[in-house]
Amino acid sequence: MNTFSVKAFGTESPEAPLKPLTINRRAVTATDVEIDIFYCGVCHSDLHTARNEWQGTVYPNVPGHEIVGRVTKVGDHVSRFNVGDLVGVGCMVDSCRECESCREGLEQYCENGNVQTYNGHEKYLNQQTFGGYSERVVVDEDFVLRIPENLDPAATAPLLCAGITTYSPLRHWNVGPGKRVGIVGIGGLGHMGVKIAKAMGAHVVVITTSMAKVADAKRLGADEIILSTDEQQMKDNVGTLHFILDCVSAAHDINAYLKLLKRDGSLTLVGAPENPLPVAPFSLIPKRKSFSGSMIGGIRETQEMLDFCGRHNITSDIELIPMQDINSAFERLLKGDVKYRFVIDMQSLKS
Ligand code: NAP
Ligand code: ZN
Ligand code: ZN
């Protein structure tokens, strides 16, 4: 298999900062698309993985799964993309395509495990996959998304993970007019959840630990705001929500949020803190509440989400950074100090 080398940023151990690396990509196969990366969002999962917080990180690790760029090469059998197309790649680059989940378009739940954009298995080169903190990437066309041309490409990058990870459970749980929906944790995922739930027609309640985000939440589309560190505000809102999307990246008391649900309400976890979250039985039993999880979204649904955002003019609120600032960006992410997504301008890596 022919390969070519590209510049990237990654890390060689959980404790080490990210630094310049050179990585190999496979040359395009018949069904591949080669993409010149313009922008890549910085997801909290990048940090969890770079620092091995979920265990199982293979080093060196090159994070990045919110990729937007232009097609520079296509394989002989590629039918859906042409050189010059504006495209995106999210959290997956392959799956078995044969199992029940894959056949239903739910590749993220592939029974044989989807291939993640980074820290997955690159079967052609028998090595780990490397993500979007790099100049170029080669991806099978079935896992490449079309980016609406009316949206700002840098601010669209975060839709590829933060957008679909919030869109999918909001759709699955039928969020829309007449539903009171709480979004917990207003970071990259949470702020997209607010915008998308609002566009779906729901009554949106932001639940944040950050006083600084209270004023901003209305601008994002919130109808109401609960400062979760204020016990009285939490008490006043017991039993008021049909659905809660929990986007929190760190340890937190899930029972405090379950109290806010109405009878038959559901709380879906998309945030993935490294340690277990204890749930008290009586947080769920008395009002027949549900506690569930959700992982990104399938390719078909990701395209649906991008088209929805194109129609509603929804993008992420971003802070554009050069690749060289990634380590300080990780530190700020840990403090919840970003409004609301860092996006790397990949030109900084190329020059
Ligand atoms: P982020 O930008 O860092 O946002 C996380 C937010 O959580 C913070 O802005 C903060 O919001 C809140 N928070 C942080 N510490 C908290 C604490 N101790 N108690 C309560 N709230 C706290 O992260 P992100 O990129 O949105 O990712 C969020 C989580 O989702 C991460 O764990 C990530 O790995 C996971 N994720 C899951 C999927 C999936 O498929 N399920 C996909 C992508 C990411 P406030 O300031 O508003 O309180
Ligand atoms: Zn992500
Ligand atoms: Zn499968």
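Within each chain, residue numbers correspond to sequence positions counted from 1 in written order. Each chain takes a letter, starting from A, and each ligand takes a number, starting from 1, following the order in which they are written. Selection of residues for local features in this predicted model requires a pLDDT of at least 70, selection of side-chain atom pairs for listing and counting requires 80 or more, and totals for whole chains, interfaces and linings are taken over all residues. Side-chain descriptors were evaluated using all non-hydrogen atoms of the structure, hydrogens and water having been removed beforehand.

Mind laying out the sheet that holds strand 12 (residues 180-184), listing which residues take part and the relevant values?
Taken in spatial order, the six strands line up as 14-13-12-15-16-17 in an open sheet, and their pairing is parallel. Each end of this open sheet is capped by a strand with a single partner; those strands are strand 14 (224-227) and strand 17 (290-293). Adjacent strand axes in the sheet meet at a mean angle of 20° when their direction is disregarded. Strands are treated as partners if at least two bridges between them are detected by DSSP. Each helix is a run of H or I in the DSSP string that is no shorter than four residues. Each strand is a run of E no shorter than two, and both are numbered from the N terminus. In this sheet, strand 14 lies alongside strand 13 (residues 203-208) in parallel orientation, the contact comprising four bridges. Opposite V206, over in strand 14, you have I225 as the bridge partner. Here, axes are lines fitted to C-alpha atoms. For helices the fit covers the stretch in contact, and angles between N-to-C directions go from 0 to 180 degrees.

Just give me the short version of the site of ligand 1, but keep the residues and values in it.
Residues are classed as near a molecule or strand on a simple rule: at least one heavy atom within 4 Å of it. Residues in close proximity to ligand 1 total 30 residues, the closest being H44, T208, T209, S210 and R341. Two N or O atoms count as a polar contact when they lie within 3.5 Å, although within protein this holds only if one can serve as hydrogen donor and the other as acceptor, and sequence-adjacent residues are included solely when both atoms are side-chain atoms. With respect to ligand 1, the side chain of H48 contributes an N or O atom lying 2.8 Å from an oxygen atom. Note that an oxygen atom of ligand 1 is positioned 2.6 Å from one of the side-chain N or O atoms of T209. Only the protein chains shown count as covering a residue, and every accessible area follows the Shrake-Rupley method with a 1.4 Å probe. If ligand 1 stood free it would expose 920 Å²; the protein chains cover 89% of that surface. Elements supplying a minimum of two residues to the shell around ligand 1: helix 1 (44-50) and helix 5 (188-199). Considering each element in turn, the shell around ligand 1 owes the most residues, three residues, to helix 1.

Please set out the packing of helix 4 (residues 162-172) against helix 5 residue by residue, giving values where relevant.
Contact geometry of helix 4 with helix 5 gives a least axis separation of 8 Å together with a crossing angle of 50°. What the angle tells us is that helix 4 and helix 5 run oblique. The interaxial crossing formed by helix 4 with helix 5 has right-handed handedness. Of the residues in helix 5, those touching helix 4 at A162, G163, T165, T166, Y167 and L170 are G188, L189, M192, G193, I196 and A197. Looking at the contact of helix 4 with helix 5 residue by residue, the class counts come to seven nonpolar, five polar and no charged. We call two directions roughly parallel when the angle between them is under 35 degrees, roughly antiparallel when it is over 145, roughly perpendicular when it lies between 65 and 115, and oblique otherwise. Each helix crossing is assigned a hand: it is left-handed if the near helix lies turned anticlockwise from the far helix by less than a right angle, otherwise right-handed if that turn is clockwise. Any two residues having at least one pair of non-hydrogen atoms within 4.5 Å are treated as being in contact. Three categories are distinguished: nonpolar for Ala, Val, Leu, Ile, Met, Phe, Trp, Tyr, Cys and Pro, charged for Asp, Glu, Lys and Arg, and polar for the others, with Gly belonging to the last.

An account of the packing of helix 4 against helix 10 (residues 299-312) is requested, with residue identities and associated values reported.
Where helix 4 contacts helix 10, the axes come no closer than 10 Å and their chain directions differ by 100°. On the basis of the axis angle, helix 4 is roughly perpendicular to helix 10. When helix 4 is examined against helix 10, the residues G163, I164, Y167, S168 and R171 are found in contact with a partner set consisting of E301, T302, E304, M305 and F308. Among the residues forming the contact of helix 4 with helix 10, the class breakdown is four nonpolar, three polar and three charged.

I'd like a rundown of the domain arrangement of the protein, residues and numbers included.
Here the domain parsing of the protein yields domain 1 (3-161 + 317-350) and domain 2 (162-293). Counting residues at the interface gives 14 residues for domain 1, matched by 19 residues for domain 2. Buried area is a sum: the accessible area each of two parts loses on coming together, probed at 1.4 Å, counted once for each and added. Between domain 1 and domain 2, roughly 1400 Å² of surface is buried when both sides are summed, and carbon and sulfur atoms account for 48% of that area. For this analysis, a salt bridge means a side-chain nitrogen from Lys or Arg found within 4 Å of a carboxyl oxygen belonging to Asp or Glu. There are two salt bridges connecting domain 1 and domain 2. Between D317 and K195 there is a salt bridge whose closest N-O contact spans 2.5 Å. Put simply, domain 1 and domain 2 have 15 residue pairs in polar contact (both at pLDDT 80 or more) between them. Grouping the amino acids of the side of domain 1 that touches domain 2 by side-chain chemistry returns six nonpolar, three polar and five charged. Residue ranges labeled as domains rest on an automatic or database domain assignment.

Please provide a residue-by-residue account of the side chain of R25, values included.
Looking at the secondary structure, you find R25 in strand 2 (residues 19-26). For every residue, the accessible area (1.4 Å probe, protein chains only) is compared with the maximum for its type, and the residue is labelled buried under 20%, exposed over 50%, or partly exposed between those bounds. Charge convention: Lys and Arg are scored as positive, Asp and Glu as negative, and His as well as the terminal groups of each chain are ignored. At 6.8 Å, E122 is the nearest oppositely charged side chain to R25, a buried residue that forms no salt bridge. Separated by 2.8 Å, the side chain of R25 and the backbone oxygen of R136 make a polar contact. When neighbours within four sequence positions are excluded, R25 is seen to be in contact with N2, T3, F4, V6, L125, F130, G131, S134, R136, V137 and V138.

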